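# Observations on chain architecture
Single-letter residue listing:
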Amino acid sequence: MRILHWFRKDLRLDDNTALGEACRDADGEVVPFYLSEPAILRRPDMAAARVRFVLECLAALRADIEALGSSLGLGHGEAAEGVVRAARAAQADAVYWNDEYEPQLRTRDDAVERALQAAGIRVRRFHDRLLAPPGLVATAAGTPFVVYSPFRRACEQHPIAEPHAAATRFARHGLPQRALATLTELGFAQTATAPWPAGEAAAHARLERFLDGVDAGANEGIVGYETHRDFPAVRAVSQLSADLRFGTIGIRRVAHAALAVARATPRCAKPVEKFVSELRWRDFYAQVLFHHPHCERGCFRREYDALPWSGTPEQLEAWKLGRTGYPIVDAGMRELLATGFMHNRVRMLVASFLTKDLLLDWRHGERHFMQHLIDGDLANNNGGWQWAAGTGTDAAPYFRIFNPTSQGQRLDAAGAYVRRWVPELARVEAGSLHRPWEAGPLALARAGVTLGKTYPHPIVDHSVQRELALAMYAVVKGGA
């Protein structure tokens, strides 16, 4: 049997469920294929940095396939038509792929399956992107979980599947061997963000650096994950978010590699346990969106669609540019613009600031993130923003409001993160760095800072805005 494997967000040869099953069923007669889709590229929240990362992942994948004596077939166009055309050209008896869980992509995949079946070509679809796919666990009442902790506990009753062996053989075929498109050809301007090393080998190297930090500093890598993952200036996180987003590394491979470290190094047991539990947030938000597709455009808790957001366009623009006058917020926003990434804890802080200090609709922030994040993922981004905005799945989160000053002092006490991304504050003493408006004119002058000129005054008073936010939410909460 000859099988077309349709690569999507699984741009790797190792631990790839659909590809592994295709290799087993076809005995080497597997044709690798990737289709770029104009409908996806035209989305208003598409990030040029994310497209560049995918192009570089595809270049790495193509090289890996060519090293095995085959080639990556490439297509461009509407999915149902393009996949059927490729399957026919490859003389495939079946098409295998790993499933998606976003509403639009599920609709697309269903349409592709119908088109293939109408053409007499068999389809097999697999779960691959998550440790626990939607439907694996449910509450005692048989309903989907909407709170993370019981969801995690239920998932932990199921063993994590073993990784799949890497594909080592592909068929020769006559699918088009076109050159990979450039950003310009796909309709994107060149992005100024620093490139992020892409592809399967780069992803495995990142995982190894994270897990091999057992003998490094006590705050770095997996050793420091449990206690220091919230500190943005410390290398205590895996930096695998983009790799998991586009599947340049398998989620099972990541989890089992971490668990192996815990078995070999007992002092890493708790950090590994925490790391795997954080991986499960991806599963949680994916199944929330899967079962509650209205979250894509509206609040999970529908009553919060009535929130009377009152922030201004000028405040939104200052937030986007990192010119709010709150150093930890500005550092995060500038990191995003410069790199396409932002530390996860800082994402929470800037999201809280937008929604509960500036009183701006969380959807503004959600879109801005998707327009810049290399790891931008609909379910994770949406879930994170709704968590921060208090409109999501938590039981009573609307009164959770981060103080940007005290958070900055706690998470970046020495100021390394702020000094890196807000260089105009680099000479401000650590005691005043997160509240420069209290430093005094002489201290600021010695540091070369003039508030209102070299660095902005705070655009809002946090203590005032906190009370306004509580009142805004309480009105809706009281009427729900």
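Above: the structure in question.
Bear in mind that the values here come from a model prediction, so they are computed numbers and not experimental data.

What follows covers the environment of Ala-192. Looking at where Ala-192 falls in the secondary structure, it is placed in the loop between α6 (148-155) and α7 (200-211). A residue is classified by how much of its surface remains accessible, and Ala-192, at 80% relative accessible area, is exposed. Distance in space between the C-alpha atoms of Ala-192 and Leu-337 is 8.4 Å, their sequence separation being 145 residues.

What follows deals with the sheet that holds strand β3 (residues 73-76). Across a sheet, paired strands are connected by hydrogen bonds in the backbone, their directions being either parallel or antiparallel. As summarised here, the arrangement of the five strands in space is β3-β2-β1-β4-β5, forming an open sheet in which the pairing is parallel. Either end of the sheet is taken by a strand with one partner, and the two such strands are β3 and β5 (122-126). Taken over all neighbouring pairs, the strand axes of this sheet differ in orientation by 25 degrees on average, direction set aside. Taken together, the four bridges between strand β2 (residues 30-36) and β3 define a ladder with parallel strand orientation.

Tracing the sequence through the fold places His-5 in strand β1 (residues 3-7). What makes His-5 buried here is its relative accessible area of 0%. Among the polar contacts listed, one links the side chain of His-5 to the side chain of Asp-10, at a separation of 3.1 Å. The contact partners of His-5, leaving out residues within four places of it in the chain, are Asp-10, Asn-16, Ala-18, Leu-19, Val-30, Val-31, Pro-32, Phe-33, Tyr-96 and Asn-98.

Rules used in this analysis
Residues numbered from 1 in each chain as written. Predicted model: local features only at pLDDT ≥ 70, side-chain atom pairs only at ≥ 80, totals over all residues. Heavy atoms only, no water. Helix = DSSP H or I, 4+ residues; strand = E, 2+ residues; numbered from the N terminus. Buried < 20%, exposed > 50% of the residue type's maximum accessible area, 1.4 Å probe, protein only. Pairing = 2+ DSSP bridges. Axes fitted to C-alpha atoms, helices over the stretch in contact; angles between N-to-C directions. Polar contact = N/O pair within 3.5 Å; in protein donor to acceptor, adjacent residues only side chain to side chain. Contact = heavy atoms within 4.5 Å.

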